[in-house]
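Chains, contacts and geometry: an overview
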Amino acid sequence: MVATEQARVATARVARAAQNALAAAVALLIAMTPALTTADDLNSDINRLKAQVADLAGELYALEESILHPADTQVAVFLTLARKDVLELDSIELFVNDTPVSSHLYTDRERQSLQQGGVQQLYLGNVPHGEHELRAVLTARTGNDRYIRREAEHRFQKRPGESRIQLSLDARAPDYEPRFLFSEWK
């Protein structure tokens, strides 16, 4: 929490410095522009300044991403359906180390997308290196028209670098009891 706050303060300082530099550049340009400067010269100077502002904005965004969301501690969780016609999703909730991190209610369009083989990113966040627990709570209607609420847990070891976890849901006749299949991508 402290590192995140420090990162926000550092990002704000960089943004203020970029704004101040831009204001100084504009003031300098105005002061140095003689009264008889042509419109073409002014347009050229304005376009050059716009390009510098765009470059500064890109650098600021990259700095903010590297400070607030370092790739070394990133974890992403994706959802897929193993069998397309056996579960009609209502909602899913994710917890990392008993902390709620994601909750989603499904629309008909999202259900259709998943049934057609779509992949949904449920969570993207940062966790420290070490062992963690991911818990998923599913509410759905099964192929035999029962409404169910099930949960499953998955322990994973966060190592340096990005971590990606796929949660695949499956259910088979005759009971259509959902199964949670977790797999970690390398």
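Our subject is the structure listed above.
Now for a quick tour of the structure. Quantities reported herein were computed from a predicted structural model and do not represent experimental measurements.

What counts as what
Residues numbered from 1 in each chain as written. Predicted model: local features only at pLDDT ≥ 70, side-chain atom pairs only at ≥ 80, totals over all residues. Heavy atoms only, no water. Pairing = 2+ DSSP bridges. Helix = DSSP H or I, 4+ residues; strand = E, 2+ residues; numbered from the N terminus. Axes fitted to C-alpha atoms, helices over the stretch in contact; angles between N-to-C directions. Buried < 20%, exposed > 50% of the residue type's maximum accessible area, 1.4 Å probe, protein only. Contact = heavy atoms within 4.5 Å. Core = buried A, V, L, I, M, F, W, Y, C linked by side-chain atoms within 4.5 Å. Salt bridge = Lys/Arg side-chain N within 4 Å of Asp/Glu carboxyl O.

We now examine the sheet that holds strand β4 (residues 120-126). Backbone hydrogen bonds are what pair the strands of a sheet, in a parallel or an antiparallel way. On the basis of which strands lie adjacent, the open sheet formed by 4 strands has the order β4-β1-β7-β8 and mixed pairing. Both edges of this open sheet fall to β4 and β8 (179-185), since each of them pairs with a single strand only. Averaged over all adjacent pairs, the angle separating strand axes in this sheet is 20°, with direction ignored. Bridging between strand β1 (residues 74-81) and strand β7 (residues 163-170) involves 7 bridges; their strand directions are parallel.

Take the side chain of S163 next. Relative to the assigned elements, S163 resides in strand β7. For S163, a relative accessible area of 14% puts it in the buried group. For S163, the residues in contact, after removing those within four places along its chain, are Q74, V75, A76 and K158.

Turning our attention to the environment of D90. Mapped onto the secondary structure, D90 falls in strand β2 (residues 87-96). Look at D90 and you get partly exposed, because its relative accessible area is 34%. Counting along the chain gives 58 residues from D90 to I148, while the straight-line C-alpha distance between them is 9.7 Å.

What follows is about the sheet that holds strand β6 (residues 147-158). Strand order in the open sheet formed by 4 strands is β3-β2-β5-β6, and the pairing between neighbours is antiparallel. Each of the sheet's edge strands pairs with one partner strand only, and the pair in question is β3 (99-105) and β6. Pairs of neighbouring strands in the sheet enclose a mean axial angle of 20°, with direction left out of account. As defined by bridge partners, β2 adjoins strand β5 (residues 130-142) across 9 bridges and the pair is classed as antiparallel. Counted as the bridge partner of E88 is R141 from β5. Packed on one face of the sheet, helix α3 (residues 108-115) meets β2 and β3 and runs near 90° to β2.

In this section: the nonpolar core. L79, L89, L167 and L169 are the most contacted members of the largest nonpolar core, which totals 29 residues. Counting only elements with at least two residues in this core, the list comes to β1, β2, β4, β5, β6, β7 and β8. Looking at which element gives the most residues to this core, the answer is β2, with 5 residues. Setting aside residues up to four positions removed in sequence, L169 forms contacts with L79, T80, L81, A82, R83, L87, L89, L138, R179 and F180.

Phi angles above zero are rare outside glycine, and D98 is one such case at about 65°. Mapping D98 onto the fold places it in the loop between β2 and β3. Residue D98 is classed as exposed on the basis of its relative accessible area, which comes to 55%. Positive phi values are uncommon outside glycine, yet D145 reaches one of about 60°. Turning to its location among the elements, D145 is positioned in the loop between β5 and β6.

By the definition in use, this model includes 14 salt bridges. Here R155 and E131 are joined by a salt bridge, their closest N and O atoms 3.8 Å apart. Separated by 24 residues along the polypeptide, R155 in strand β6 and E131 in strand β5 bring together distant segments of the chain. Here the two residues R155 and E131 agree in accessibility, since each one is exposed. For the salt bridge of D170 with R179, the shortest nitrogen-to-oxygen distance reads 3.0 Å.

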